[in-house]
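# Topology and contacts: notes
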Amino acid sequence: MKLTMQLKLVPTDHQRAALLETMRAFNAAASYAAQVGCADHVFSQQAIHVRCYRELRDRFGLSSQMAVRAIGKAVETFRRDKTVCPVFRPDGAMVYDERLLGWKGPAHVSLLTLQGREIVAMVYGEYQAGFLPRLKGQVDLVYKYSTFFLYATIDIPEDAPIEPTRFLGVDLGIVNIATDSDGNAYTGERIERVRVRAATARQTYQSTHTKSAKRRLKTMAGRQARFQRWANHGLAKRLVAYAKDTKAALVLEDLTHIRSRITVRKSQRSKQHNWSFRQLREFLVYKAQPAGVPLLFVDPRNTSRMCHCCGSVDKQNRRSQANFSCLRCGHTANADINAARNLATRGGVTRPDLIASPGGQLACGW
Ligand SMILES: [Zn+2]
């Protein structure tokens, strides 16, 4: 499985200037190399190299490897189209391969610039940290929103896919962050506690319009986001491990529903949750695939109102946030578990091919 990682660079002012200068020289050199190629109707690395390598070094100040890479950038566009002579943006992406870059521990990277090697600080999410040891080969240095990023493609080995024997529905909720169709609740208690505490503090600060209050708010938002990330990361890990152990394919609600929640409830609180759901979903995708656990998304309409035993749909079925009680057949269950079971059932309807011989999952009584 290929994954693109984004690492944000935090250069000093001096490093920033050096990186920009290098990027501009690199792109100007690449445009020049393209011109040389176009003029002589040669489009290969070697043919362009013999014609302008020396000039790229002398005129643009590039190192030997940078010159090679600048020609490479032109050659790459020629591979797609030889009829147009490309002119690259001054701050277009620049390739850094192993000769131009070195990883210096978890928080720094050494980048060759026209000013020599610079050890630049970088930041990334907790989730990405796990992939850091896999970084090798070349990356792209990209400049956008006045910020430098390194984009690295990494290859994550995948486990052999499991042969699922059933579907595990996962309902995302507010009281419990997630509930699965086996009845496991992945509680949001701690997450909720942190959230409430943060919301109260936020209100206090919002009512005072001082500069320091604004600063506090910003710090808090960052802390909250980091905590949420950590919580979702752990949750996704547990869910995927459970599905793998019990040979289940995971079934979640598709994104449309998550989006519709936003329009239905506009409170800040549900916005927060929607954002969090999307993040959890993203983590699940990234973790399920390498673990060999199938993951599918189904239309979740009515899953909270439908009785998973008899299929009757009625708004009245859901008596409260917590309780489901079917008006037709009398089946009662925890509302989240009922919804998760409907998702599991829909998984079976959507992808019956995933399971060789479905058990009694579609029947009631579990
Ligand atoms: Zn029923």
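Residues numbered from 1 in each chain as written. Predicted model: local features only at pLDDT ≥ 70, side-chain atom pairs only at ≥ 80, totals over all residues. Heavy atoms only, no water.

### Focus: the sheet that holds strand β1 (residues 2–10)
Taking strand neighbours across the sheet as the criterion, the 7 strands line up as β2-β6-β7-β1-β5-β4-β3 in an open arrangement whose pairing is antiparallel. Edge positions in the open sheet fall to β2 (94–96) and β3 (101–104), since each of these has one partner strand only. Direction aside, neighbouring strands of the sheet carry axes that sit 35 degrees apart on average. Direction of pairing for β3 relative to strand β4 (residues 108–113): antiparallel, over a ladder of 4 bridges. Residue pairing across strands places Leu101 opposite Leu111, the latter belonging to β4. (Pairing = 2+ DSSP bridges. Helix = DSSP H or I, 4+ residues; strand = E, 2+ residues; numbered from the N terminus. Axes fitted to C-alpha atoms, helices over the stretch in contact; angles between N-to-C directions.)

### As for the environment of Cys310
If you trace the backbone, Cys310 turns up in the loop between β12 (295–298) and β13 (323–325). If sequence neighbours within four positions are ignored, Cys310 has contacts with Cys326, Arg328 and Cys329. (Contact = heavy atoms within 4.5 Å.)

### Description of the confidence of the model for the protein chain
Summing up the model confidence of the protein chain, the mean pLDDT is 86 and the portion of residues at 70 or higher is 89%. Within the protein chain, the lowest mean pLDDT, 50, falls on helix α7 (residues 255–264), and the highest, 97, falls on helix α1 (residues 13–40). Every residue in residues 259–266 scores below 50 in pLDDT, and together they form 9 contacts with partners more than four places removed in sequence or on other chains. (pLDDT = per-residue confidence, 0-100.)

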